[in-house]
Amino acid sequence: MLAGHGDGMSDKGTSPLESRLKREITGDVLFDPFSRGRYATDASFYQIMPAGVVVPRSIDEALRALAIIRDDGRIVTPRGGGTSQCGQTVNDGIVVDFSKHLNRLISLDVENRTCVVEPGIVLDDLNRQLKRHGLWFPVDVSTASRATIGGMAGNNSCGGRSLRYGTMRDNTLSMDAALADGTLLHFGEVPRDFSQLNANDSGLALFRDMLALGSREAEEIADKFPKVQRRVGGYNLDALVPRNAANNLAHLLVGSEGTLAFTTKVELKLWPVIRNKVLGICHFGSFYEAMDAAQHLVKLRPIAVELVDRTMIALGRDIAMFAPVIDATVRGDPDALLIVEFAEEDQPDNLQKLRQLSELMSDLGFGWNHPQRKCGGVVDVVEPATQTAISDFRTSGLNVMMSMKQEGKPVSFVEDCAVPLPHLADYTQRLNTIFARHGTRGTMYAHASEGCLHVRPVLNLKLEKDVKAMRAIAEETFAMVREYKGSHSGEHGDGIVRSEFHETMFGPRIIADFREVKQRFDPGRVLNPGKIVDAPKMDDRSLFRYPPDYRITGLKTALDWSAYPGAGGGFQGAVEMCNNNGACRKLEGGVMCPSYRATRNEKDVTRGRANTLRLAISGQLGPDALASDAMMDTMKLCVSCKACRHECPTGVDMAKMKIEVLAARNAKHGLSLRDALVGFLPRYAPLFARLAPIANWRNKSPLLRALLERVAGISARRALPAWRRDIFKSESEVFGPADGSEVVLFADTFNRAYERENLDAALRVLVEGGYRVHLPRAADNGRPLCCGRTFLSAGMVDHARIELDRLVETYAPFASRGVPIIGLEPSCLLTLRDELVSLRSDASAKAISAQALLFEEFLVREAASGRLRLPLGRVANKALVHGHCHQKSFGAFTSVEQVLRLIPDLDVETIESSCCGMAGAFGYGADTYQTSIEMAELSLLPAVRRADAAALVVADGTSCRHQIKDGTSHSALHVARVLAMSLDSARSNPHPSPHAKETIHG
Ligand SMILES: Cc1cc2nc3c(=O)[nH]c(=O)nc-3n(C[C@H](O)[C@H](O)[C@H](O)COP(=O)(O)OP(=O)(O)OC[C@H]3O[C@@H](n4cnc5c(N)ncnc54)[C@H](O)[C@@H]3O)c2cc1C
Ligand code: SF4
Ligand code: SF4
């Protein structure tokens, strides 16, 4: 076992603690090494294996768990989303996860703008509920999609607009919390005269002691606490000093990182939502000048001033989706931008602010025609869509930086130091000198208005020399911050990274005060010890995710991972791309991660899977962990939707990784009957089609359904797609006019065997569009061509390779002369774009990959270039469209919407859905059927049920159509069929088609 990575608790057998917890807690009690491993990390670079995890179902259960664990002599670490960057949530002992069940909005007082929440509620989730009341909670952390209020309070989190709204502390009115001994107290405003205070004796004594400490230390606190708003390090002793108003003792708990009490309720101050805002993008010819200007810009009272530097602009320009907004809003070649945001109640006031901003820039000596250093000015952004595009760019620009595929990564440890604004320019200049001295560099971004710039030097923490550099950079940076009377911990909290430095930053007397607070609240050191006080060294490598003995040996993989470094042909590097930022835990928006949205288990989220894989391949979960049952269980609910490939900020591609797990599993244990039935479907499809009446008995007979469930694990509750004798067979290898532009139509197994109408429709649309359509027979004259998808989804990589080899041999002559290869089924066609080049890296495979286009992508491209000639007529008033996950993952879904908009008078509405839950064979599994339904019921099925009966429901995925039919009895259509219907309509009612490329461009 790795040093620091375990607590000596046996992985075998059940400990008395585990047994008792299981007896008395109805929520999950997880003591197996795989589950513990998933809670051993947060978004820091540390890893400490906890002894167990409890996921309580109620606050009472959380308190019960606390009592049981304490009685057993173990320590407890409360946890929310686990997105802390400094190691706040990693510890041995037991982790208590508040995020799964304890996430209710308990009460809301709209008039007084307050609410009370359970600690596990996610910020975005809370704000969704508040929005309809015109309110929001404005501590808008970047991790709003997964950060919990309990965790935000634990870290005293700060949002980008803290200039106006303050930090978590400023917006916390009161908290209910339990001390380690179980005493439940209300922490709120406390008068210095306790006679009217409603609290039990031990509560009154604690409050009295804390206020006495505040009085005693008032001078020292005034002297040693930095006077910057972004000071989140240490305990908030300044909340205890005598003042005119009452002291709020909840503010002592805020920022205490789970070390003082278990928060059970938080009362929050709410704000009216922002109705109007504008951005002024201030351009600067030199980074130093930008930093120097920040102190002046804040005098106009913006709500945020955010920095974007030259590196980030360059990164953004290279990304197709951001290039337009950069071109539209960035003038010339600035060294840095400060994005100044105003949000006055009335828009004219915002416009006035923009005018003042321009004047100010001019007063500061900036002009568009001035020489380099003073070359600058303001670009106004008033339009909301452009504002959103700029904010997307800022966030994603950072993500691109984080997605470096090399061993060295941008590391967070001096990332959020804050200095008074007058020193910001000198501070950043000296910071760059420090980095250079230690052989590295860092990009700076974020909150210039607060003097809190995010900066991550690039380091490889697997190397001793880089760890030494990290320590040296930390020491030198913190010394500089102290010199400027700034704060070494300005946003992300202390954890293990910062706590040991408190003594140099605050001095020994304040450290003694911190210890006194801890001792008074938690004398037994039960709650998250080792944070804020008595912390280990930040560079103790035994506590690292990659400790000195971290090794990966003997890893063999089936696919090509060579874009990444490390063992297994790069598989190691791909797995290690997960930095635990938790974006895959978002509950709305995008697709990632549908299984987590259904279960809310750490096991079922991309992060949990990536962590399990990392631990498995590095031998931390025992021998053969990659092929183990527990690993299969970790992957079981991954529907291979590929959403993570697209939406994970670092591009973790779990669907591809799952193929490796399945391949390892097959190699070790052989193929299961279900996987064989799934994988070999393209091979037996022609035979089953001939025997359709017999093959379809299974659907009709409850007995056969039950039998198949028993022997092959295929759910008796699911109808299988019906076999038919008239499968798609092309009489010719070529259709359409001889002089037509050439295309290849790929007839995939699913549309060929089950829904030939789609292929017939696509063929018709292409031919009527004047294309020369090739449907070449397999070059070996054998069975129909196949993309290998079903084999890949069963981990049968060798069979997939055989099928792809045949396909490459057949299509290579077309691809080499630039003929588009068009497919209908997203998962099949996109296999040619994706996995094909992971299995073959030759020129023919690359050419086919480059030419592979979904039917609608091809048509949109043709329409945009003015080549599409299709007489289209009305088909319906409304089309409700569901995107296949792989379409979304490859950015191909908008083509469906665009092509449907070519149809006259059709109102196209997209269903805000994640995965349909069917996902190939996933929805058919007896063990996954229920989750499949839950995924579909999250948004897709309710939206279809709500739809007008006359509306068309459009879905390009075979599985999606099947799920929709099963769940709603609506028959969804492939877009090819809608277009064919539109051709029919135009023919029977000939009017000029309004379809035009303007629609595409517009
Ligand atoms: C990419 C990225 C961007 C970030 N951006 C920001 C940002 O803009 N602003 C910012 O402030 N932070 C930011 N962070 C840090 C982090 O996301 C925030 O601090 C966040 O608020 C933590 O919430 P969480 O639910 O993940 O808490 P966790 O990490 O789970 O926990 C945080 C602390 O709270 C304690 N805690 C949790 N629940 C309880 C409870 N019920 N009782 C007592 N203690 C509890 C934990 O023990 C821990 O010490 C960022 C992190 C990442 C990875
Ligand atoms: S899988 Fe991606 S999104 Fe999820 S935690 Fe890891 S890096 Fe973040
Ligand atoms: S492929 Fe889909 S289900 Fe699997 S981890 Fe990624 S987002 Fe989640």
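Residues numbered from 1 in each chain as written. Chains lettered and ligands numbered in written order. Predicted model: local features only at pLDDT ≥ 70, side-chain atom pairs only at ≥ 80, totals over all residues. Heavy atoms only, no water.

K.L.:
Looking at this structure, how should I read the site of ligand 2?
P.N.:
As a matter of local geometry, ligand 2 sits amid 13 residues, with Cys-578, Asn-581, Gly-582, Cys-584 and Cys-648 nearest to it. Considered class by class, the residues forming the shell around ligand 2 number six nonpolar, six polar and one charged. (Near = heavy atom within 4 Å. Nonpolar A, V, L, I, M, F, W, Y, C, P; charged D, E, K, R; others polar.)

K.L.:
How should the sheet that holds strand β24 (residues 821-823) be read in this particular structure?
P.N.:
The five strands are arranged β21-β23-β22-β24-β25 in an open sheet whose pairing can be described as mixed. With one partner strand each, in any of the chains shown, β21 (734-735) and β25 (852-854) form the two edges of the open sheet. Note that β24 and β25 share three bridges and pair parallel. Residue pairing in the sheet places Gly-823 in a bridge with Leu-854 of β25. Running over the sheet, helix α38 (residues 855-864) touches β22 (741-746), β23 (771-774), β24 and β25 and is turned about 90 degrees from β25. (Pairing = 2+ DSSP bridges. Helix = DSSP H or I, 4+ residues; strand = E, 2+ residues; numbered from the N terminus. Contact = heavy atoms within 4.5 Å. Axes fitted to C-alpha atoms, helices over the stretch in contact; angles between N-to-C directions.)

K.L.:
Hey, could you run me through the pairing of strand β9 (residues 184-187) in this one?
P.N.:
Within a regular beta strand, the side chains point alternately toward one face of the sheet and then the other, so they alternate between its two faces. In β9, alternate side chains face the same way, and those of Leu-185 and Phe-187 are buried while those of Leu-184 and His-186 on the opposite face are not. Note: strand β8 (residues 172-178) against β9, four bridges, orientation antiparallel. Residue Ala-177 lies in a different strand from β9, and its bridge partner there is Leu-185. Connecting the antiparallel pair β8 and β9 is a turn made up of five residues, with Gly-182 showing a positive phi of about 95 degrees. (Buried < 20%, exposed > 50% of the residue type's maximum accessible area, 1.4 Å probe, protein only.)

K.L.:
Whenever I open this one, the site of ligand 1 confuses me. Can you help?
P.N.:
Taken together, 34 residues are adjacent to ligand 1, and Pro-78, Thr-83, Ser-84, Thr-143 and Thr-148 come closest. A distance of 2.6 Å separates an oxygen atom of ligand 1 from a polar side-chain atom of Thr-83. In the complex, 95% of the free accessible area of ligand 1, which totals 980 Å², lies under the protein chains. Only β3 (76-79), α5 (149-155) and β12 (262-269) provide two or more residues apiece to the shell around ligand 1. It is α5 that contributes the most residues to the shell around ligand 1, five residues altogether. (Polar contact = N/O pair within 3.5 Å; in protein donor to acceptor, adjacent residues only side chain to side chain. Areas by Shrake-Rupley, 256 points an atom, 1.4 Å probe, with all protein chains shown as cover.)

K.L.:
In this structure, what is going on with helix α25 (residues 654-669)? I would like to understand it.
P.N.:
An α-helical segment advances 3.6 residues per turn. Residues three or four places apart therefore align on the same side. Here α25 contains 16 residues, and its C-alpha end-to-end distance of 22 Å stays within 8% of the 22 Å for a straight helix at 1.5 Å per residue. Those residues of α25 lying buried are Met-654, Ala-655, Lys-656, Met-657, Lys-658, Ile-659, Glu-660, Val-661, Leu-662, Ala-663, Arg-665 and Asn-666. Positive backbone phi, at 80 degrees, marks Gly-670, one or two positions downstream of α25. (Expected span 1.5 Å × (residues − 1).)

K.L.:
Could you clarify how one ought to interpret the sheet that holds strand β14 (residues 278-284) in this entry?
P.N.:
Think of a sheet as strands paired side by side through backbone hydrogen bonds, with each pair either parallel or antiparallel. One open sheet accounts for seven strands, arranged β17-β14-β16-β15-β19-β20-β18; its pairing is antiparallel. Every interior strand has two partners, whereas the edge strands, β17 (377-381) and β18 (409-410), have only one. Summarising the sheet, strand β15 (residues 304-309) and strand β16 (residues 336-342) pair through six bridges and their orientation is antiparallel. Within β16, the position partnered with Val-305 by the bridge is Val-340. With respect to the sheet, helix α10 (residues 287-297) is in contact with β14, β15, β16, β19 (442-447) and β20 (452-459), its orientation differing from that of β16 by roughly 20 degrees.

K.L.:
Any chance you could explain unusual backbone geometry here in plain terms?
P.N.:
Negative phi characterises most residues that are not glycine, and trans characterises most peptide bonds. Residue Cys-593 is bonded to the preceding Met-592 through a cis peptide linkage, with omega at -10 degrees. Relative to the elements of secondary structure, Cys-593 occurs in the loop between α20 (571-575) and α21 (594-599). Even without glycine at this site, Asn-156 takes up a positive phi of about 50 degrees. Mapping Asn-156 onto the fold places it in the loop between α5 and α6 (162-165). By relative accessible area, Asn-156 is classed as buried at 2%.

K.L.:
Help me understand the pattern of salt bridges in this model?
P.N.:
Scanning the model with the defined rule gives 79 salt bridges in all. The closest approach of N and O atoms between Asp-798 and Arg-801, which form a salt bridge, is 3.5 Å. On the criterion of helical spacing, the pair formed by Asp-798 and Arg-801 is a turn pair, its members being three residues apart in helix α34 (residues 797-816). Here Arg-840 and Asp-842 are joined by a salt bridge, their closest N and O atoms 2.8 Å apart. (Salt bridge = Lys/Arg side-chain N within 4 Å of Asp/Glu carboxyl O.)

Bear in mind that shape data such as this cannot, by itself, settle questions of function.
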